[in-house]
Amino acid sequence: MEEKICLDMLIKRNVKPTAIRLLVLKSMLQAKQAVSLLDLENQLDTVDKSTLFRTITLFLAHSLIHSIDDGSGSLKYAVCNNGCNCLLEDLHTHFYCENCHKTFCIRNIPIPMVELPERFTLQSINYVLKGLCPDCSEKVRTD
Ligand SMILES: [Zn+2]
Ligand SMILES: [Zn+2]
Ligand SMILES: [Zn+2]
């Protein structure tokens, strides 16, 4: 079933399905949080690093996934919603847990739009909230 979902997603985004692309997408869909290239390398240790990098670059170019700069020093990646074109109006909030260093997509909270002074052109917004994720909040409460 999951194979079929991944296959449909690749086709819908005009990405030619290959075994490796399916594998990478499936692993990203299964992750509850955004993943770094290193996370993927560790999880898919049968796939070589340059192939993995090329796959991520291709997915990004087709708006199949988006990247998140959470300030941790390495970019994280997460699968886009259906119909996302990675335009400013498609962006959602991200949450970085300062305790476990996981980054989450908060897909139902669009990022707030700001009014820029004249002659400034907005091209991207990096909107990352920081704090404790549900698991870590729980731990703090019970400690
Ligand atoms: Zn997107
Ligand atoms: Zn956490
Ligand atoms: Zn996201």
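Look up a bit, the structure's there.
Reference entry: report on the structure contained in this document. The residue numbering used here restarts from 1 in each chain and proceeds along that chain's sequence as written. Starting at A for chains and at 1 for ligands, labels are handed out in the order in which the entities are written. Where local features are concerned, this predicted model is filtered to residues with pLDDT of at least 70; where side-chain atom pairs are given and counted, the filter is 80 or more; whole-chain, interface and lining totals use all residues. Hydrogens and water molecules were not included; the side-chain quantities draw on all heavy atoms of the structure.

**Considering the packing of helix H2 (residues 19–30) against helix H4 (residues 49–61)**
Part 1 of the reasoning: Between H2 and H4, whose axes approach to 10 Å, the crossing angle comes to 75°. Taken together, the axes of H2 and H4 lie roughly perpendicular to each other. Residues Ile20, Arg21, Val24, Leu25 and Met28 of H2 form the contact with H4, whose participating residues are Thr51, Leu52, Thr55, Ile56, Leu58 and Phe59.
Part 2 of the reasoning: Taken together, the residues of the contact of H2 with H4 sort by class into eight nonpolar, two polar and one charged. Axis angles are defined between N-to-C directions and span 0 to 180 degrees, where every axis is a line fitted to C-alpha atoms and, for a helix, only to the segment in contact. A run of DSSP states H or I qualifies as a helix once it reaches four residues; a run of E qualifies as a strand once it reaches two. Both are numbered from the N-terminal end. Under this scheme an angle from 65 to 115 degrees is roughly perpendicular, one under 35 degrees roughly parallel, and one over 145 degrees roughly antiparallel; angles in between are oblique. Whether two residues touch is decided by their heavy atoms; if any such pair falls within 4.5 Å, the residues are in contact. Polarity classes work like this: nonpolar for Ala, Val, Leu, Ile, Met, Phe, Trp, Tyr, Cys and Pro, charged for Asp, Glu, Lys and Arg, and polar for all others, with Gly in that last group.

**Description of the sheet that holds strand S3 (residues 76–79)**
Part 1 of the reasoning: Pairing is antiparallel in the open sheet, where three strands are placed in the order S1-S3-S2. Since the sheet does not close on itself, it has two edges, and those belong to strand S1 (35–36) and strand S2 (65–68), each with one partner.
Part 2 of the reasoning: Pairing between strands requires that DSSP locate at least two bridges from one strand to the other. Bridge count between S1 and S3: two bridges; the pairing is antiparallel. Paired with serine 36 across the bridge in S3 is lysine 76.
Part 3 of the reasoning: Docked against the sheet, H2 engages S1, S2 and S3, running at close to 90° with respect to S3.

**Quick notes on the coordination of the zinc ion (ligand 2)**
Coordination angles at a metal have ideal targets, namely 109.5 degrees for four tetrahedral donors and 90 or 180 degrees for six octahedral donors.
Part 1 of the reasoning: Only nitrogen, oxygen and sulfur atoms qualify as donors, provided they sit within 2.8 Å of the metal or within 3.2 Å for Na, K and Ca; with water excluded from the atoms, sites may seem incomplete. The zinc ion (ligand 2) binds to the protein through Cys97 (SG), Cys100 (SG), Cys133 (SG) and Cys136 (SG); the donor distances cover 2.2 to 2.3 Å.
Part 2 of the reasoning: Of note, the donors binding the zinc ion (ligand 2) are all from one chain and are spaced C-x2-C-x32-C-x2-C.
Part 3 of the reasoning: Taking relative accessible area as the criterion, cysteine 133 reaches 3% and is therefore assigned buried. Under the scheme applied here, a residue whose accessible area is under 20% of the maximum for its type counts as buried, over 50% as exposed, and between as partly exposed, the area being computed with a 1.4 Å probe on protein chains only.

**Quick notes on the nonpolar core**
Part 1 of the reasoning: Core analysis: the biggest nonpolar cluster contains 19 residues, and Val24, Leu25, Met28, Leu40 and Phe59 have the highest contact counts within it.
Part 2 of the reasoning: For this core, the secondary-structure elements that each account for two or more residues are helix H1 (2–12), H2, H4 and S3.
Part 3 of the reasoning: Element by element, the count of residues in this core is highest for H2, at four residues.
Part 4 of the reasoning: Side-chain atoms within 4.5 Å link the members of a nonpolar core, which is a set of buried Ala, Val, Leu, Ile, Met, Phe, Trp, Tyr and Cys residues. Formed by five residues, the second largest nonpolar core is a distinct cluster that contains Ile68, Ala78, Tyr96 and Val128.

**Some remarks on the pattern of salt bridges**
Part 1 of the reasoning: Think of a salt bridge as a Lys or Arg side-chain nitrogen and an Asp or Glu carboxyl oxygen that are within 4 Å of each other. For the structure shown, the criterion picks out four salt bridges.
Part 2 of the reasoning: One salt bridge connects glutamate 3 with lysine 26, and the closest N-O pair in it is separated by 3.3 Å. Of the two residues, glutamate 3 is situated in helix H1 and lysine 26 in helix H2; the sequence distance between them amounts to 23 residues.
Part 3 of the reasoning: On the basis of relative accessible area, glutamate 3 is assigned to the partly exposed category, the value being 42%.
Part 4 of the reasoning: A salt bridge links lysine 76 to aspartate 70; the shortest N-O distance between them is 2.6 Å. Across the pair, exposure class does not vary: lysine 76 and aspartate 70 are buried alike.

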